[in-house]
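The lines below spell out each chain.
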Amino acid sequence: MKNNLKTVLTVFSMLLCFSVFAQGPPGGGGQGGRGGGKGQDRGGKPDASEILSKLDTNKDEVIDKDEAANDKRGKIAEDFDDIDTNGDEVIDLDELKASLDTRKPKKISAKKILKEVDDNGDGTLNELEVAVEKKLELMDHFSEIDTNSDAELDLDELKVFYNSQDKPKRKNKD
């Protein structure tokens, strides 16, 4: 009888251990505690769609500044203007994905640059405005960007310039 009870207790203990182990670490994590569960990357960080669903309280599929203020880490609110690459005052899923992808450079919005640098509000940038804001790339290429030679950079000229910068450069094979 003692051996049967001992065997039953051993089997029960083993089943209990297996069930606890199969659940993974406390608080989830999934996949045996290796991270990388649904909605997370391999480092255990939430992905863009998970962040959007948590912060988008009004369910309009974008994050506005008020919603970004609810980010517990404060990172999205702090970097809001950098993440909002098109300058429309909201962060959409594509912008959020791009901000989390540190492997590729962020796309520069001509509209946002114009809004940031246009000190006199005339809708164009002159060399003084560009110099004051220390936009070195624009300073170095000002005459090249100013295709109509009016000493002002307008939105269309900026778009052409930044779109040409986004295209991958081909390496010369000599």
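Before any of the text, the structure's been laid out above.
Figured I'd write up the structure that's included with this text. These numbers were taken from a predicted model, which means no experiment stands behind them.

So, how was this worked out
Residues numbered from 1 in each chain as written. Predicted model: local features only at pLDDT ≥ 70, side-chain atom pairs only at ≥ 80, totals over all residues. Heavy atoms only, no water. Helix = DSSP H or I, 4+ residues; strand = E, 2+ residues; numbered from the N terminus. Buried < 20%, exposed > 50% of the residue type's maximum accessible area, 1.4 Å probe, protein only. Contact = heavy atoms within 4.5 Å. Core = buried A, V, L, I, M, F, W, Y, C linked by side-chain atoms within 4.5 Å. Salt bridge = Lys/Arg side-chain N within 4 Å of Asp/Glu carboxyl O.

Quick notes on the overall build of the protein chain
- Helix and strand counts for the protein chain come out as 11 helices and 2 strands.
- Going from the N terminus to the C terminus, the protein chain shows its helices and strands as α-α-β-α-α-α-β-α-α-α-α-α-α.
- Relative to its 174 residues, the protein chain shows a buried fraction of 26%.
- Look at the contacts in the protein chain between residues 6 or more apart in sequence, and 38% of them connect residues 24 or more apart.

Observations concerning the nonpolar core
- The biggest cluster of nonpolar side chains holds 13 residues, and the ones touching the most others in it are Ile 113, Leu 125, Val 130, Leu 138, Leu 153, Leu 158 and Tyr 162.
- Listing elements by their share of this core, those giving two or more residues are helix 7 (110–117), helix 10 (142–145) and helix 11 (155–166).
- Here the element with the most residues in this core is helix 7; it accounts for 4 residues.
- Setting aside residues up to four positions removed in sequence, Val 130 forms contacts with Val 117, Leu 125, Lys 135, Leu 138, Met 139 and Phe 142.
- By size, the runner-up hydrophobic cluster in this structure holds 11 residues, among which are Ile 51, Leu 52, Ala 68 and Leu 96.

Looking at the pattern of salt bridges
- In this structure the tally under the stated criterion is 6 salt bridges.
- Between Glu 50 and Lys 54 there is a salt bridge, with its nearest N and O atoms 3.4 Å apart. With Glu 50 and Lys 54 both in helix 2 (residues 48–55) and 4 residues apart, the pair spans about one turn of that helix.
- Between Lys 65 and Glu 89 there is a salt bridge, with its nearest N and O atoms 3.8 Å apart. Here the residue Lys 65 occupies a position in helix 3 (residues 65–68), and Glu 89 occupies one in the loop between helix 5 (80–83) and strand 2 (90–91), the gap between them amounting to 24 residues.
- Of the residues examined, Glu 89 reaches a relative accessible area of 37% and is grouped as partly exposed.
- Through salt bridges with shared partners, a single network forms among Lys 65, Asp 81, Glu 89 and Lys 115.

By themselves, these observations are geometric and do not establish any function.
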